[in-house]
Amino acid sequence: MIKVMEREEGTVEEETVITTVNTSSNKDKTSPDSKGCALEKLNLKLSASVIAQHGYRVSRLCERMGRQLGLREMALTELSMAGLFHDLGKIAISRAILEKAGKLTEEEYREIKRHSEIGSQILSSVKGMENVAEYVLYHHERWDGKGYPRQLQGREIPLYSRVIGLADAYDAMTNNRSYRKALSKKAAIQELLWHSGTQFDPELVGEFIKIL
């Protein structure tokens, strides 16, 4: 099992983020402009912390993958937004765990696995972001049902969550982390192929490799 997406450097206060979202979307929670304003302010709060550059890279990969799958523009926007904020919940995870150079203990791993649910809860506080919140919630589910938080299997996992999981894993493998050095593109692709049908949707793996 690849455990390549369990940590990301940086953290901010969860209360600050929730306040930013709720305040920014307070007037008209159904309008696209209001939602965009809330997310823009949230993005500014997080740009130098949890999301860092990883979220932007995952978002771009998700958009490219969405185009490969023939998604329409509105769907592409939703997918790329979910990719951008997929690790939002790490704001509530201890910096010591996120930046730990060694192997995580079982307790630390249980703690870090909370981030998908936390991120989903925060995003759900913005009206109109329910779908994005769902995709974030399930982006660590596995094709074989051994993921988290709900142990969904195969096509039970939302398509966009499966896409985010691929983009997330590939970007993590091909960039340096505090606990390991980056893999080459070739080595990362090999990892995706090895785990196709277990960790990842086998059909999506083939399409994802085409966009790299």
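Residues numbered from 1 in each chain as written. Predicted model: local features only at pLDDT ≥ 70, side-chain atom pairs only at ≥ 80, totals over all residues. Heavy atoms only, no water.

Chemist: Where do I start with the overall build of the protein chain in this structure?
Modeler: The secondary structure content of the protein chain amounts to 11 helices and 0 strands. For the protein chain, the α and β elements follow one another from N to C terminus as α-α-α-α-α-α-α-α-α-α-α. Every one of the 212 residues in the protein chain was classed for burial, and the buried ones make up 51%. Considering only contacts in the protein chain between residues 6 or more positions apart, those separated by 24 or more positions represent 66%. Of the roughly 10100 Å² of accessible surface on the protein chain, a fraction of 49% belongs to carbon and sulfur atoms. (Helix = DSSP H or I, 4+ residues; strand = E, 2+ residues; numbered from the N terminus. Buried < 20%, exposed > 50% of the residue type's maximum accessible area, 1.4 Å probe, protein only. Contact = heavy atoms within 4.5 Å. Areas by Shrake-Rupley, 256 points an atom, 1.4 Å probe, with all protein chains shown as cover.)

Chemist: Looking at this structure, I do not really get the pattern of salt bridges. What am I missing?
Modeler: Two side chains that carry opposite charge are able to pair once their charged atoms sit near each other. Counted according to the given criterion, the structure contains 12 salt bridges. Among the ionic pairs, Arg95 bridges to Glu99, the shortest N-O distance being 3.1 Å. Judged by its relative accessible area of 32%, Glu99 falls in the partly exposed class. Of the charged contacts in the structure, one is a salt bridge between Glu207 and Lys210, with a shortest N-O distance of 3.2 Å. Taken together, the residues Glu207 and Lys210, both in helix H11 (residues 202-211) and 3 residues apart, mark about one turn of the helix. Take Lys210: its relative accessible area is 55%, and that puts it in the exposed class. Three or more residues joined by partner-sharing salt bridges are found here, namely Glu63, Arg67 and Glu73. (Salt bridge = Lys/Arg side-chain N within 4 Å of Asp/Glu carboxyl O.)

Chemist: What should I look at first to understand the environment of Asn175 in this one?
Modeler: Secondary-structure assignment places Asn175 in the loop between helix H9 (159-173) and helix H10 (185-194). Residue Asn175 is classed as partly exposed on the basis of its relative accessible area, which comes to 21%. Separated by 10 residues in the primary sequence, Asn175 and Lys185 have C-alpha atoms spaced 9.9 Å apart. Residues in contact with Asn175, not counting those within four places in the same chain, are Arg57, Arg180 and Ala182.

Chemist: Could you clarify how one ought to interpret helix H8 (residues 130-137) in this entry?
Modeler: Each α-helix winds once per 3.6 residues, and so residues spaced three or four apart point in a common direction. Within H8 the residues assigned to the buried category are Val132, Ala133, Tyr135, Val136 and Leu137. Against the buried residues of H8 lie helix H4 (73-84), helix H7 (115-124) and H9.

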